[in-house]
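# Structure at a glance
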Amino acid sequence: LLAVLLAVAAIAPQVLATHDPYALDYAHALQGPSWLHWFGTDESGRDLYSRVIYGARESLLIGLGAAGVGIVLSLILGSLAALAIKPAAVVVDRFVGVMFAFPALLLPLLLIAIAGPSALTEIFAVGLGTAPGYARMIRGQILAAKNSGYVEAATALGHSRARIIGAHILPNALRPLVAVFALSVGQSIVWASSLSFLGLGVAPPSSEWGALLDAGRGYITQAGWLEVVPGLVIVAVALAATTIGRHLQAHLEKGEK
């Protein structure tokens, strides 16, 4: 149900929104949740519920984009580390190890510090931060498939290295990436929201969920809903993505048996 609501909010937010998310109404600023304003209003009197709905598109696009960038980078690095000739594979593996040693948000922070805050920078920054961990996982999957019985049988039958990689190793090793991508979307949304909360993401007056957290932190003592509501939405979406990812993973494991 939550996935359906998120899809509607991203594609047609006007269907779910009750107010104009950018309409200023200073006479009703910082009002708590009510029948008129379900999630309350912000410091400019804007309806928080409508801003959360309209922020779904940008937040999900950032999450999906960052997850896609992370998966593509990890696929390239993991495949090179497992399948390249030994000297190159060792170099790539050491490079991934160095990246993996950095604290989770340090690489995104460095990239944003160099390129400046924006939605596009945030996508690439979060994708870069998630790539090393997934690259290590992909490398392990490919190595396991590389040493499997069906690859040995294909080698004994005289199949070329390119055919073995394309027809046997990659399809079997990369199958779990479907579930990993779903898990990565939730993680990317949380990371992107964290960067926006620090003022390193999408700039106001965007209604991206992390930007809402950033805008509301100055009013946390007098209007706590400005922090609680977007935070709960981010947690709910991350949990939903994780649940979907785990169901996909269980389905894939069941199919392999």
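Residues numbered from 1 in each chain as written. Predicted model: local features only at pLDDT ≥ 70, side-chain atom pairs only at ≥ 80, totals over all residues. Heavy atoms only, no water.

## Things to note about the overall build of the chain
Here is the rule: Under the scheme used here, helices are H or I runs from DSSP no shorter than 4 residues and strands are E runs no shorter than 2 residues, and both carry numbers assigned from the N terminus. Relative accessibility under 20% of the residue-type maximum defines a buried residue, over 50% an exposed one, and the middle range a partly exposed one, all with a 1.4 Å probe and only protein chains included. Two residues qualify as a contact provided that any one of their heavy atoms is within 4.5 Å of a heavy atom in the partner residue. Method for areas: the Shrake-Rupley scheme with a 1.4 Å probe, in which residue coverage is limited to the protein chains shown. Charge convention: Lys and Arg are scored as positive, Asp and Glu as negative, and His as well as the terminal groups of each chain are ignored. Positions of charges follow a simple convention, taking NZ of Lys, CZ of Arg, CG of Asp or CD of Glu.
Looking only at helices and strands, one finds 10 helices and zero strands in the chain. Mapped in sequence order, the helices and strands of the chain form the string α-α-α-α-α-α-α-α-α-α. In terms of overall dimensions, the chain has a C-alpha envelope of 80 × 40 × 25 Å along the principal axes. Here the chain, with 257 residues, has 42% of them falling under the buried criterion. Considering only intrachain contacts with a sequence separation of at least 6, the fraction spanning at least 24 residues in the chain is 67%. Within the structure as shown, the chain displays about 13000 Å² of accessible surface, and the carbon and sulfur contribution to it stands at 69%. Across the chain, the centroid of the 15 positively charged side chains sits 19 Å from that of the 14 negatively charged ones.

## Notes on a nonpolar patch on the surface
Under the convention used in this document: Think of a patch as exposed residues, more than 30% relative accessible area, with no salt bridge, where like charges cluster within 9 Å and nonpolar side chains (Val, Leu, Ile, Met, Phe, Trp, Tyr) cluster within 5 Å. A pair is scored as a salt bridge if a Lys or Arg side-chain nitrogen falls within 4 Å of a carboxyl oxygen belonging to Asp or Glu.
The grouping of Val98, Phe102, Leu106 and Leu110 at the surface amounts to a nonpolar patch, some 320 Å² of accessible area in total. Examined against the element boundaries, phenylalanine 102 turns out to sit in the loop between α3 (86–101) and α4 (106–115).

## A few points about helix α1 (residues 2–11)
The test is simple: Along the arc lie the directions from the helix axis toward the C-beta atoms.
Among the residues of α1, Leu6, Ala9 and Ala10 are the ones counted as buried. Axial view of α1: buried residues confined to an arc of 95°, hence all on one face. The exposed set on the far side of α1, more than 90 degrees from its buried face, consists of Val4 and Ile11.

## A word on the nonpolar core
Where we set the bar: Take the buried Ala, Val, Leu, Ile, Met, Phe, Trp, Tyr and Cys residues and link them wherever side-chain atoms come within 4.5 Å; each set so joined is a nonpolar core.
In terms of nonpolar packing, the biggest core is built from 23 residues, with Leu48, Val52, Leu60, Ile189, Trp209, Trp225 and Val237 touching the most fellow members. Mapped by element, the contributors of at least two residues to this core are α1, α2 (48–83), α8 (177–197), α9 (209–216) and α10 (225–256). The biggest single contributor to this core is α2, with seven residues. Core analysis: the second largest hydrophobic core is formed by 16 residues, Ile71, Val151, Ile165 and Val180 among them.

## Brief notes about the pattern of salt bridges
One pass over the full model with this rule turns up six salt bridges. As a salt-bridge pair, aspartate 42 and arginine 51 come within 3.8 Å of each other at their nearest N and O atoms. Each member of the pair, aspartate 42 together with arginine 51, is buried. Aspartate 93 is paired through a salt bridge with arginine 139; the nearest N and O atoms lie 3.4 Å apart. Pair noted here: aspartate 93 is in helix α3 and arginine 139 is in helix α5 (residues 119–146), with a separation of 46 residues, a long-range link. Look at the salt bridges and you will find they share partners, linking Asp42, Glu43, Arg46 and Arg51 into a network.

## Overview of the environment of leucine 110
With respect to the element layout, leucine 110 can be found in helix α4. Sequence separation between leucine 110 and alanine 125 is 15 residues, and the spatial gap between their C-alpha atoms is 8.3 Å.

## Considerations on the packing of helix α6 (residues 149–156) against helix α7 (residues 161–173)
The line we're drawing: Axis lines are fitted through C-alpha atoms, for helices just across the contact stretch, and the angle between N-to-C directions can take any value from 0 to 180 degrees. The scheme is simple: roughly parallel for angles under 35 degrees, roughly antiparallel for over 145, roughly perpendicular for 65 to 115, oblique for anything else. Gly is placed with the polar residues, together with every amino acid not listed as nonpolar (Ala, Val, Leu, Ile, Met, Phe, Trp, Tyr, Cys and Pro) or charged (Asp, Glu, Lys and Arg).
Running from amino to carboxyl end, α6 crosses α7 at an angle of 180°, the nearest separation of the two axes being 10 Å. The angle between the axes of α6 and α7 places the two elements in the roughly antiparallel class. Each of Tyr150, Val151, Ala154 and Thr155 in α6 lies in contact with α7, whose residues at this interface are Ile164, His168, Ile169 and Asn172. For the contact of α6 with α7, the class distribution of residues is five nonpolar, three polar and no charged.

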